[in-house]
Amino acid sequence: MRIEVRKPTPQEVAEMKNCPIWEKEPSEFPWYYDEKETCLILEGQVTVEAPGQTVTFGPGDLVVFPQGLSCTWKVKERVRKHYKFG
């Protein structure tokens, strides 16, 4: 179970712009994904720690979290992202 971080295609950016926005102040919290989540980071800096993998991402990154993942979010700078489940 791996977290995928990459630059999105222009089509993915266009699709994600129609999705809701989530924002969070600097904080640290555990999270469990009961379904796959794809997000496009608009602002901020985040490190996510999962068993066997630590990823850091920021503005312009497309991040895909697999279903069944348990992890810890460490929001370093206020994050703002488009997101979709499924």
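Residues numbered from 1 in each chain as written. Predicted model: local features only at pLDDT ≥ 70, side-chain atom pairs only at ≥ 80, totals over all residues. Heavy atoms only, no water.

**Focus: the pattern of salt bridges**
For step 1, the next point in the chain: For the structure on display, the rule yields nine salt bridges.
For step 2, the next point in the chain: Across the pair Arg 78 and Glu 23 runs a salt bridge whose closest N-O atoms are separated by 3.5 Å. Of this pair, Arg 78 sits in strand E7 (residues 70-85) while Glu 23 is found in strand E2 (residues 21-24), placing the two residues 55 residues apart along the sequence.
For step 3, the next point in the chain: Residue classification places Arg 78 among the partly exposed residues on the basis of a relative accessible area of 35%. (Salt bridge = Lys/Arg side-chain N within 4 Å of Asp/Glu carboxyl O. Helix = DSSP H or I, 4+ residues; strand = E, 2+ residues; numbered from the N terminus. Buried < 20%, exposed > 50% of the residue type's maximum accessible area, 1.4 Å probe, protein only.)

**Some words on the side chain of His 82**
For step 1, the next point in the chain: The topology assignment puts His 82 in strand E7.
For step 2, the next point in the chain: In this structure His 82 comes out as buried when scored by relative accessible area, which is 8%.
For step 3, the next point in the chain: From its side chain, His 82 meets the backbone oxygen of Met 16 in a polar contact 3.2 Å long.
For step 4, the next point in the chain: The residues contacting His 82, other than those within four sequence positions of it, are Met 16, Lys 17, Cys 19, Pro 20, Ile 21, Thr 38, Cys 39, Leu 40 and Leu 42. (Polar contact = N/O pair within 3.5 Å; in protein donor to acceptor, adjacent residues only side chain to side chain. Contact = heavy atoms within 4.5 Å.)

**Things to note about the pairing of strand E6 (residues 62-65)**
Two faces belong to every sheet, and in a regular strand the side chains alternate between them.
For step 1, the next point in the chain: Burial of E6 is two-sided: the residues Leu 62 and Val 64 facing one way and the residues Val 63 and Phe 65 facing the other way are all buried.
For step 2, the next point in the chain: In terms of strand pairing, strand E1 (residues 4-6) meets E6 through three bridges, oriented antiparallel. Bridge pairing in E6 places Val 5 opposite Val 63.
For step 3, the next point in the chain: With four bridges joining them, strand E4 (residues 37-50) and E6 adopt antiparallel strand pairing. Within the sheet, the bridge partner assigned to Thr 38 lies in E6 and is Val 64. (Pairing = 2+ DSSP bridges.)

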